[in-house]
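# Observations on the three-dimensional arrangement
What follows is each chain in one-letter form.
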Amino acid sequence: MWKTIKRWYHQLGSPRYFYRFCEAVLPWLVPVSLALLAVGLIWGLVYAPVERYQGDSYRIIYIHVPASSGALMGYIAMGVAGLVALVWRMKMAEVMLKALAPFGAALAAVSLLTGALWGKPTWGTYWQWDARMTSMLILLFLYLGIMALQNAIRDPRQAARAAALLAVVGVINVVIVKYSVEWLNTLHQGATLKVVGESSIDASMKWPLLISMAGLWLLYAANVLIRARTEVLSRERRSGWVRRLVRDEEA
Amino acid sequence: MNPVRKQRLFVVLAVLAGLAVAVGLAVYALRQNINLFYTPQQIVNGEAPVGAKMRVGGLVEDGSVQRDPDTLDVVFTVTDGKGSFAIHYQGILPDLFREGQGVVANGTLVSRDRFEADEVLAKHDETYMPPEVQDALEKAGHPGSKPGAKEEDAGYPKGDYD
């Protein structure tokens, strides 16, 4: 197990191998993610039953929860990539750090917007400065800050180091987002889906939610691979294998 | 691991641990300000300042809602099982406001047992259920079918509040 992980780590650490990995995975990852997302969203938004108190407005959960969880997981992935970039100075980790940010930032923004739209009919307010909402807003700012840092410093390795530090430090905020609803009094309710134990959502509503989540996470992964692939080509443009690739494409 | 990397890993983890402790202490120290609302227990214990603007939260007690037939005035009792007080409000309540559900009210604590709200927000709990399922549960006499049947399930935060 550990050996396999180690081998993967070294193989995917090589830009050339990573490029080939993307070429192999993306042709099925993109359609699978889009299909899952379509099934989950149509099932959830059209066919799932109404909620006993909220009626149809609860359906925003099928966008809000996948987007929020995607934004949080993307940030954790950035934290791991940041740690690898800082300690092992691995180039692929720097590339991943850059590739993870834009889609994650978009998801954080979607999460805040859909949350506000749901909050008005449910709670009676678009926004309250409660711990969950504020920490989610900070998550969006961290994403934007990391993107800004990457673009503000011209040397890509220096830029990556600065962004990596912010990414690693910001992981603390993910912990706050996750546990704010348990540790503090918030307007936002606690977690509905539970990894351990029974989720407090009826099965007829849960399955479309799980499918939408899987679809959006895979779409995020596909987006990251596409961005990383472009970044790899741009960084390795002087290397032999990229030159040969371009020559073969042109021929 | 090569010693330079080991040192870098140590430095990064030390920075992370230090910051986590700092943030943890800050959140702990500011807990009263970060908490969105005071609980009925805190108000009964005298932790909330009388006369100040604040938010309070709790469960609407069953059978406590009294609406004035001529005006928008409404009075209801909010409880957490350890204390309760009356909230006076004038205005339209959110759709999800109902007995047994969690609410957060923004306003002034006039006395230890009377709160005058300018705004009442409904809290939603983490349970999602279609109406048919609730009907079936009610028929079977399942305790989970009634909102607020279990304090923890009604969107009310867990933990101690000292």
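Residue numbers here run from 1 along each chain, matching the order of that chain's written sequence. Chain letters start at A and ligand numbers start at 1, both assigned in the order the entries are written. Local features in a predicted model are, by the rule used here, given only for residues with pLDDT of at least 70; side-chain atom pairs are given and counted only at 80 or more, and totals for whole chains, interfaces and linings are based on all residues.

## Brief notes about the overall build of chain A
The test is simple: Under the DSSP-based scheme used, a helix requires at least four consecutive residues in state H or I and a strand at least two consecutive residues in state E, with every element numbered from the N terminus. Note on method: radius of gyration uses C-alpha positions; expected globular size equals 2.2 Å times residues raised to 0.38. Burial in this document is a count-based property: other C-beta atoms within 10 Å of a residue's C-beta are tallied, and the residue is buried at 20 or more, exposed at 12 or fewer, or partly exposed in between, with C-beta positions derived from the backbone. A residue pair is marked as a contact if its C-beta atoms, positioned from the backbone, fall within 7 Å.
The helix and strand inventory of chain A stands at eight helices and zero strands. For chain A, the sequential pattern of α-helices and β-strands runs α-α-α-α-α-α-α-α. Against the compact-globule benchmark of 18 Å for 251 residues, chain A has a radius of gyration of 20 Å, which places it among compact chains. Over its C-alpha atoms, taken along the principal directions, chain A stretches across nearly 65 × 35 × 35 Å. The proportion of buried residues among the 251 residues of chain A is 43%. Nonlocal contacts in chain A, meaning residues at least 24 apart in sequence, comprise 76% of its contacts between residues at least 6 apart.

## Details of the overall build of chain B
Across its full length, chain B carries four helices and six strands. Along chain B, from the amino end to the carboxyl end, the secondary structure elements read α-α-α-β-β-β-β-β-β-α. When burial is assessed residue by residue, chain B has 31% of its 162 residues classed as buried. The contacts of chain B with a sequence gap of at least 6 include a subset with a gap of at least 24, amounting to 52%.

## Some remarks on the UniProt feature "domain: Cytochrome c assembly protein" (unreviewed entry) in chain A
Note the threshold: UniProt positions are given in the numbering used here, feature names are shortened, and annotations may be inferred rather than shown by experiment.
As recorded in UniProt, the sites labelled "domain: Cytochrome c assembly protein" (unreviewed entry) are residues 16–188 of chain A. Structurally, residues 16–188 of chain A comprises 82% helix and 0% strand, and the distance from its first C-alpha atom to its last is 45 Å.

## As for the UniProt feature "binding site: heme" (unreviewed entry) in chain B
Residues annotated by UniProt as "binding site: heme" (unreviewed entry) correspond here to His124 and Tyr128 of chain B. Structurally, histidine 124 of chain B can be placed in the loop between strand E6 (114–122) and helix H4 (131–139). Sequence-distant contacts of tyrosine 128 of chain B, defined by excluding residues within four places in its chain, comprise Glu51, Tyr58, Thr192, Ile201, Asp202 and Met205 of chain A.

## Let's talk about the nonpolar core
In a soluble, globular protein the nonpolar side chains are often hidden away together inside. Inclusion rule: As used throughout, a nonpolar core is a set of buried Ala, Val, Leu, Ile, Met, Phe, Trp, Tyr and Cys residues joined through C-beta atoms within 7 Å of each other.
Judged by nonpolar contacts, the single largest core of 66 residues is most densely connected at Met96 and Leu97 of chain A. Going through the elements one at a time, helix H2 (15–47), helix H3 (61–88), helix H4 (91–122), helix H5 (131–152), helix H6 (156–183) and helix H7 (203–235) of chain A are the ones with two or more residues in this core. Among the elements that line this core, the one with the most residues is H3 of chain A, at 15 residues. Residue contacts for leucine 97 of chain A: discarding those within four places in its chain leaves Met78, Ala81, Gly82, Ala85, Ala160, Ala163, Ala164 and Ala167 of chain A. The next biggest cluster of nonpolar side chains, apart from the first, holds 27 residues, and it includes Leu59, Ile87, Ala105 and Phe115 of chain B.

## Digging into the packing of H3 of chain A against H4 of chain A
Residue and element names in this part refer to chain A. Our working definition: Orientation is described by lines fitted to C-alpha atoms, with helices fitted over the stretch in contact, and by angles between N-to-C directions that extend from 0 to 180 degrees. Throughout, the term roughly parallel applies to angles under 35 degrees, roughly antiparallel to angles over 145, roughly perpendicular to angles from 65 to 115, and oblique to all others. Left-handed describes a crossing whose near helix is turned anticlockwise from the far helix by less than a right angle; the clockwise case is right-handed.
The geometry of H3 relative to H4 is characterised by a closest axis approach of 7 Å and an angle of 155° between their N-to-C directions. Put simply, H3 runs roughly antiparallel to H4. For H3 against H4, the interelement crossing comes out left-handed.

## What to know about the environment of tyrosine 58 of chain A
Tracing the backbone shows tyrosine 58 of chain A in the loop between H2 and H3. Taking the number of C-beta atoms within 10 Å as the measure of exposure, tyrosine 58 of chain A has 25 and is therefore buried. Expressed as a C-alpha distance, the spacing of tyrosine 58 of chain A and proline 121 of chain A, which sit 63 residues apart in the sequence, is 9.7 Å. Those residues in contact with tyrosine 58 of chain A that sit more than four places away from it in its chain are Glu51 of chain A together with Tyr128 of chain B.

## Quick notes on the interface of chain A and chain B
Contacts between the two partners involve 37 residues from chain A, matched on the other side by 36 residues from chain B. Mapped by element, the contributors of at least two residues to the side of chain A that touches chain B are H3, H4, H6 and H7 of chain A. Top contributing element to the side of chain A that touches chain B by residue count: H6 of chain A, with five residues.

## Comments concerning helix H1 (residues 3–29) of chain B
Filter applied, for reference: The span one expects for a helix is its residue count, reduced by one, times 1.5 Å.
Here H1 of chain B is 27 residues long and its end C-alpha atoms lie 38 Å apart, about the 39 Å a rise of 1.5 Å per residue gives. In terms of burial, H1 of chain B is largely open, as just zero of its 27 residues are buried.

## Some points on the packing of H3 of chain A against H7 of chain A
Residue and element names in this part refer to chain A. This is how the line gets drawn: Polarity classes work like this: nonpolar for Ala, Val, Leu, Ile, Met, Phe, Trp, Tyr, Cys and Pro, charged for Asp, Glu, Lys and Arg, and polar for all others, with Gly in that last group.
Two elements in contact, H3 and H7, have axes separated by 9 Å at closest approach and are oriented at 40°. Put simply, H3 runs oblique to H7. Relative to H7, the crossing made by H3 is right-handed. Contacts between H3 and H7 involve Ile61, Tyr62, Val65, Pro66, Ala67, Ser69, Gly70, Met73 and Gly74 from the first element and Pro208, Leu209, Ser212, Met213, Leu216, Trp217 and Tyr220 from the second. Counted by class, the contact of H3 with H7 contains twelve nonpolar, four polar and no charged residues.

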